[in-house]
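This is what each chain is made of:
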Amino acid sequence: MKKIVWLLILLLTFSTALAYPFSTGDTEIINAKAYLQSIQAVDGSIDSLGTSNWATIAIWALDESSDAWANEGDSIEEYIETNVNSLDDNKATDWARSILSIVSMCRDPYMFGGEDHIATLKSFYTNNQLGDTALLNDDTYGLMALCAVGDCNSIEAENAKQFILNNQNIDGGWSWGVGQSSDPDSTAAAILALISAGESGLPITQGLTYIKTTQVESGGFDSGWGTNPNTDAMCVMAIDAAGQDPDDIIWESETGNSPVDSLLAFQDVDGGFTSYNKAYATVQAVPALLGEPYSNVNCGFVYANVRIQGSTNEVFSGSLIVDDHLTVVDEGGNPHDLLIPSALSALDKASKISSFSYNIVNGGFGLYVDSINGEVATGLDGWMYFVNHESPPVGMADYVVLEGDDILFYYGAWGIMETRIIVGDNFGVGDSFITTVEYYDEEWLALEGATIHFGATTKETDENGEVELTASTAGSFEVYASKEGFINSNGVTIKITGTGNPSQTLNVEAEIMPSVAFSVAPNSINFGQVGPGMVVPGEDISLINSGSWDILVTSTLSGSDPLFDSGLFLDNVLWSSLEKLISSDLEDFSLVVDIPSELDIPDDYQGLGAKTGIVTFWAQGIEP
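Being a predicted model, the structure only gives us computed values, none of them experimental.

### Some remarks on the overall build of the protein
At step 1: Of the regular secondary structure elements, the protein holds 14 helices and 31 strands.
At step 2: Along the first, second and third principal axes, the C-alpha atoms of the protein reach 95 × 65 × 50 Å.
At step 3: The buried share among the 624 residues of the protein stands at 48%.
At step 4: Taking the contacts inside the protein whose residues are at least 6 apart along the sequence as the reference set, 67% of them involve residues at least 24 apart.
At step 5: Of the roughly 28,400 Å² of accessible surface on the protein, 48% is carried by carbon and sulfur atoms.
At step 6: Where the 19 positive side-chain charges of the protein centre and where its 89 negative ones centre are 4 Å apart.

What follows is the structure, given as C-alpha cells:
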C-alpha cells in the first residue's frame, strides 16, 4: 500500500505593509524601556545575571549604551563585568549567553572580567558538538555566540551547526534536547543560530513551517502550556531573521491575528510584558519588536587570527579583536594614537591576553617593534610580520587589519619563509600517522628536510614534505617543524589515547533526505490594476521538489472573493483543477517545474478595491 505524506506550503497573492518593525520612538517601545529602567537595581542588575545579559541585547537593539544604563548606582555593564565569576563553569549556555551580552556591549569577550569567554566556551567542545551531548540548546546558543565574534568557520562552530542540522525532527522543528519532541521556542533558537552561521534553504523553511503549525487564534504560538510572550518573541525574531514579516497576512491566524498582535497583547500598563518572569519577557520582547533578532548581535569588531613566533618558541597563538582606537607609548615615553585597527594594535591586544611585553622605537620610517617577550632585534635579525602569508608594504602601525586576516609576527631575517604543519588528531598508542610540512612561496609547497619535533622524537621530512611518526605513549603532545632559513611552523597538539589499536574501522555515511519536501517561489503575485473582462497573465510559479519521492501537487484557495474563485488559473487550468506531478531528482534533490498563472476577470464582476487571497499548495508524496 502506498504511503501518503502531506507537506503544506503557503503562497500569498498580496501583502500589506504594517507597523513592523517598531522604532525606538513608538509608544510600545518607550513604555517597555521605562519598565526596565524602573526595575533596575542600584548594583546595576535587572532581575538576575541571566536576565541582565539578555537586557544588554535589548539595550543594543535600542541603540543605546549599557555603560550609561544605571539607576542611581552602577551601570548594568559594571554589574555584568563584576559578576562574571557567577557564570556556571558546567554550563556552556551560561558562557554563550555571556558572549552575546558582551558583544552587544561592544566589549571584548576574549578578555572580559578577567576571563577569556571564547576559550571557555570552546572548552565545552566534545564529540563534535558543544556542551552536553544530550542537549541541543547549548549548541544553538553556542553557535550564535561564536558567530557573533566572527568565529563561524572554527571547527567548534562548524560541527555545532552540523549537530543542529542532524537533530532536526521529522516535523521540521527542534527540541531543547536530542531525541525530544519539537517546540516553537527551541525551533526559533535553532533557526536563529543557523541563520547566524549563514544557513538558508530547506532547514529554515521546514523550521518555519513547523512554527506555523503551533500558531493559535491569538496569533501566538503554543509551546505546550499555552501562549506566552517569551515564545512569541523568539518566534517573531526567527521569522524576521529569515527575511519574512511576522505582521504579514501569511503569518496571521484563522482569526486574523499576527504573532506581533499576540506579543503586544501581553504588554501591561507599566510597559512590561506579563509572564512567569516579567523582566525576562520584556528584554526578549524589545529586540523582537524592533526587528533586531539575536542572530544580528554584533558591534562591528574586526577579528584576526594572530601567531607570534620567536626564534625558537611560540609566544602567542589565537583569535582576537583588533582595537580601532589605541594609544601606544614608544621607548622614549612618547604617546602615539593608532586610529585604525592596525597590525600593531593586534600585537598590543595579544600582549594583554598573554601578559608578555613588547617595545616600540620611533625611528626614521615610523614606529618599529624591536622587542617582543624579551627577544631583541640584533644585527639582521628582528621582528617582521606577514598578513595572509605575504609581507605588507607598510609598517605594523599603518597596516589596516581586515576581518579574518591571518597575521604572523616572527623573529628572523628578511626573506625567510613561513611554514605550516599538518597532522591529524586522536591516535592510539602504537598507531603510525603521516605529518606534512609545507612552506609558502606564492602557494603552499612541500618542505623537504624539515625537522619534526614530536615529544623527544625528531625526524626529517622527505621530498614530499612528509614523515611517518609512531605514537608510543599516551598523552597530549605538541608537534612542530623547524628548518634553518625558515620560520618555525605552528604547533599542533595531538592526543594519543588507549593502549593500541588492534582493529581498523571503515566510516559509513548516508544523508537521509525528507521523503516529501517542496517549496514555492515567488511567495507573492500582484496582478496589478485590473477590470472586468480582462485576462491578465501573472508570474510563472516555480514548484521545487526537494524531497526523495515524486509528488502530486494540488491547490486550495482561501480568504478570497469570486474574483479569484472563478478567475485564478494555474498551469492553464482553474486553481481547483490543478494536478501537477513532479518527479524527484535523486542526484541533487532539487527539481524545478514552472507553471504559468493567469487572472481571468468575469465580465459581470462587481467588486472594487484591493482583493487578496491565499493559495495553499499541497504535495502528496508517492512512495517509490
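Following the structure, the description resumes.
### Quick notes on the sheet that holds strand S4 (residues 302-309)
At step 1: Within the open sheet, the four strands sit side by side as S5-S4-S12-S11. Their pairing is mixed. Edge strands, defined here as strands with exactly one partner in the open sheet, are strand S5 (314-322) and strand S11 (382-387). If you compare each strand with its neighbour and ignore which way they point, the axes differ by 15 degrees on average.
At step 2: The strands that helix H13 (residues 343-354) touches are S4, S5, S11 and strand S12 (405-412); relative to S5, the one it contacts most, it runs at about 115 degrees.

### A closer look at helix H12 (residues 278-289)
Three or four residues apart is the spacing at which side chains of an α-helix point the same way, because the helix has 3.6 residues per turn.
At step 1: Taking 1.5 Å per residue as the helical rise, H12 with its twelve residues ought to reach 16 Å, and the 16 Å between its terminal C-alpha atoms agrees with that figure.
At step 2: Along H12, eleven of the twelve residues are buried, which leaves the element largely enclosed by surrounding structure.
At step 3: Buried-residue contacts for H12 involve helix H1 (27-38), helix H2 (49-61), helix H10 (229-241) and helix H11 (259-265).
At step 4: For H12, the N-terminal capping position is held by asparagine 277, with its side-chain oxygen 3.2 Å away from the main-chain nitrogen of alanine 279.
At step 5: Glycine 291 lies just past H12 and shows a positive phi near 70 degrees.

### Concerning the sheet that holds strand S29 (residues 591-595)
At step 1: Pairing in this open sheet of three strands is antiparallel, and the strands run S22-S24-S29 from one edge to the other. The open sheet has two edge strands, strand S22 (518-521) and S29, and neither has a second partner. Direction aside, the axes of adjacent strands within the sheet are offset by 20 degrees on average.
At step 2: The pairing of strand S24 (residues 541-545) with S29 spans five bridges and is classified as antiparallel. The residue of S29 that forms the bridge with isoleucine 544 is valine 592.

### Side note on the confidence of the model for the protein
Keep in mind that low pLDDT regions are not for reading the predicted coordinates in detail.
At step 1: Scored by pLDDT, the protein has a mean of 89; 93% of the residues are at 70 or more.
At step 2: Across residues 1-18, confidence stays below pLDDT 50; counting only partners more than four residues off in sequence or on other chains, it has 70 contacts.

### Structural notes on the pairing of strand S6 (residues 326-329)
At step 1: A one-sided burial pattern is seen for S6, the buried positions being Leu326 and Val328 and the unburied ones Thr327 and Val329.
At step 2: In this sheet, strand S7 (residues 335-338) lies alongside S6 in antiparallel orientation, the contact comprising four bridges. For leucine 326, the partnering residue across the bridge sits in S7 and is leucine 338.

### A short note on the state of the cysteines
At step 1: Applying the stated criterion to the full structure yields two disulfides.
At step 2: Cysteine 106 shares a disulfide with cysteine 299; S-S distance 1.4 Å. Here cysteine 106 and cysteine 299 share a disulfide; its torsion about the S-S bond, 85 degrees, makes the bridge right-handed. Of this pair, cysteine 106 sits in the loop between helix H4 (92-104) and helix H5 (117-122) while cysteine 299 sits in the loop between H12 and S4, and the two are 193 residues apart along the sequence.
At step 3: Covalent S-S linkage joins cysteine 147 and cysteine 152, the inter-sulfur distance amounting to 1.9 Å. Around the S-S axis, the bridge from cysteine 147 to cysteine 152 shows a dihedral of about 125 degrees and counts as right-handed.
At step 4: Of the residues examined, cysteine 147 reaches a relative accessible area of 14% and is grouped as buried.
At step 5: Given a relative accessible area of 21%, cysteine 152 falls into the partly exposed group.

### As for the nonpolar core
At step 1: By size, the foremost hydrophobic cluster in this structure holds 88 residues, and its most contacted members are Trp54, Leu100, Val103, Ile211, Met234 and Tyr294.
At step 2: In this structure tryptophan 54 touches Arg97, Leu100, Tyr141, Tyr280, Val283 and Tyr294, once residues within four positions along its chain are discounted.
At step 3: By size, the runner-up hydrophobic cluster in this structure holds 31 residues, among which are Val306, Ala343, Val369 and Tyr399.

The rules we used
- Residues numbered from 1 in each chain as written.
- Predicted model: local features only at pLDDT ≥ 70, side-chain atom pairs only at ≥ 80, totals over all residues.
- Heavy atoms only, no water.
- Helix = DSSP H or I, 4+ residues; strand = E, 2+ residues; numbered from the N terminus.
- Buried < 20%, exposed > 50% of the residue type's maximum accessible area, 1.4 Å probe, protein only.
- Contact = heavy atoms within 4.5 Å.
- Areas by Shrake-Rupley, 256 points an atom, 1.4 Å probe, with all protein chains shown as cover.
- Lys, Arg positive; Asp, Glu negative; His and termini not counted.
- Charge placed at Lys NZ, Arg CZ, Asp CG, Glu CD.
- Pairing = 2+ DSSP bridges.
- Axes fitted to C-alpha atoms, helices over the stretch in contact; angles between N-to-C directions.
- Expected span 1.5 Å × (residues − 1).
- Polar contact = N/O pair within 3.5 Å; in protein donor to acceptor, adjacent residues only side chain to side chain.
- pLDDT = per-residue confidence, 0-100.
- Disulfide = S-S within 2.5 Å.
- Core = buried A, V, L, I, M, F, W, Y, C linked by side-chain atoms within 4.5 Å.

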